[in-house]
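Overview (structure and organization)
Below are the chains, spelled out letter by letter.
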Amino acid sequence: MAANKKLLMLPGDGIGPEVMNQVNRVIDWMDKTRHVSFDVSEDLIGGACYDEHGESLTDKTMAEAMNVDAVLLGAVGGPKWDNVERFHRPEQGLLRLRKDMDLFANLRPAAVFPALAEASSLKPELVAGLDMLIVRELTGGVYFGQPRGIETLDDGSKRAVDTQVYTTAEIDRVCRVAFEMARKRQKRVTSVEKANVMETGVLWREVAAAAHADGYEDVELSHMYADNCAMQLVREPKQFDVIVTDNLFGDILSDCAAMLTGSLGMLPSASLGAPDESGRRKAMYEPVHGTAPDIAGKDKANPLAMILSYALCLRYSFDMAEDAGLVEQAVRNVLESGLRTGDIMQPGMTEVSCTRMGEAVTEELGKLAG
Ligand code: NAD
């Protein structure tokens, strides 16, 4: 008999546990109705872990994260831990997870639900129906390149250095992730760099083309300079299916694409590592938002980014596209029905709590599957 799918839940701090509770509701529903069972373990991370163990991630939890099929994370941090020594700060736990699991590909979908098109900073007709994915290289490039630092020169002025560096292998593996993701979508990849002025850009373009020629010809590949991509994202965002780019450009472009969707509370993300012998990739799924200390504990958080992160987990870690689609459709229907948490509230709609939003999604799932 096939082993159950193993999922590690790390709710974290602030609104993390509140939004994770709503995912538990969906998991329970899937267990009872779709007969999809997960071995779910839950553990502490971030400030909650520091309070209990004096560190933001224990070795035991790290080992568990390496052993499971996927990690679902809420969010970490908050003012309570602002003065904790740097090494034990809540975000260190998260950084260690990303590093030790070698999660080199960060997937940030930017999808606009029709009911929320008005919430975008762009005209509704430009974003209604938008559904794109940015694949950002996460463990290399200028944020990690050596040498780096600030030195004082003989005349007392200073000189700062960052190094943008990429190897063939680093570019190749993230481009392959993008091609594989595109196969599950509209089969179009735009590779983004600045080959006109950067050596890493020249290599990026060369390696992206070589990876594409090595078995991905069914996917359409085009190349674009990063500055043009920023322009195109706000001019005509629906032209994109999958964008693959480096760490720095990906950081900026994914935040830009996020804003097209109007709300932080709606944005899921996934981070993937290299495949093992069985083809399984290490993976972590988390909402883009933080712990929202201003509304934590008040049952006001929007749980949809967390629930949509779970849908990504179903699609990418467990190849359960149908179930993922069901969850996404349930979210769409709930929004169409006029329910809103405070962050996405619009005139004429009904404001509901985090708990009620989670209940509404599972009720909708019941209708869809019924
Ligand atoms: P934040 O995302 O927590 O909040 C920004 C604003 O958006 C707040 O007004 C908040 O109320 C609102 N918001 C965020 N998510 C929401 C949701 N699901 N529903 C409704 N409203 C939502 O960012 P911040 O205020 O800059 O950071 C707060 C804390 O979170 C800090 O300690 C920061 O370090 C941490 N943080 C953690 C992560 C992570 O764990 N990945 C990411 C970002 C920030």
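Residues numbered from 1 in each chain as written. Predicted model: local features only at pLDDT ≥ 70, side-chain atom pairs only at ≥ 80, totals over all residues. Heavy atoms only, no water.

1. With respect to the site of the ligand
Contacts to the ligand come from 19 residues, most closely from Val 76, Gly 290, Ala 292, Asp 294 and Asn 302. Val 76 places a polar main-chain atom, nitrogen or oxygen, 2.9 Å from an oxygen atom of the ligand. Protein contacts shield 65% of the accessible area of the ligand, which totals 810 Å² for the unbound molecule. Looking at the shell around the ligand residue by residue, the class counts come to nine nonpolar, seven polar and three charged. (Near = heavy atom within 4 Å. Polar contact = N/O pair within 3.5 Å; in protein donor to acceptor, adjacent residues only side chain to side chain. Areas by Shrake-Rupley, 256 points an atom, 1.4 Å probe, with all protein chains shown as cover. Nonpolar A, V, L, I, M, F, W, Y, C, P; charged D, E, K, R; others polar.)

2. Comments concerning the side chain of Arg 281
Counting through the fold element by element, Arg 281 comes out in strand E12 (residues 281–287). Separated by 2.9 Å, the side chain of Arg 281 and the backbone oxygen of Gly 273 make a polar contact. Arg 281 has contacts with Asp 69, Phe 104, Val 177, Glu 180, Leu 272, Gly 273, Ala 274 and Pro 275, leaving out every residue within four places of it along the chain. (Helix = DSSP H or I, 4+ residues; strand = E, 2+ residues; numbered from the N terminus. Contact = heavy atoms within 4.5 Å.)

3. What about the pairing of E12?
The buried fraction of E12 amounts to six of the seven residues, a majority that puts the element mostly inside the structure. In the sheet, strand E11 (residues 268–275) pairs with E12 via six bridges, with the strands oriented antiparallel. The partner of Ser 269 across the bridge, within E12, is Glu 286. Between E11 and E12, which follow one another and run antiparallel, lie five residues, and Gly 279 among them has a positive phi close to 90°. (Buried < 20%, exposed > 50% of the residue type's maximum accessible area, 1.4 Å probe, protein only. Pairing = 2+ DSSP bridges.)

4. Some thoughts on the nonpolar core
The biggest cluster of nonpolar side chains holds 74 residues, and the ones touching the most others in it are Leu 107, Val 135, Tyr 285 and Tyr 310. Top contributing element to this core by residue count: helix H10 (residues 304–316), with ten residues. When residues are assigned to domains, this core turns out to be shared by domain 1 (1–104 + 273–370) and domain 2 (113–268), each giving three or more. Counting residues in each nonpolar core, the second largest holds 19 residues, with Val 127, Met 132, Leu 253 and Leu 260 among its members. (Core = buried A, V, L, I, M, F, W, Y, C linked by side-chain atoms within 4.5 Å. Domains from an automatic or database assignment.)

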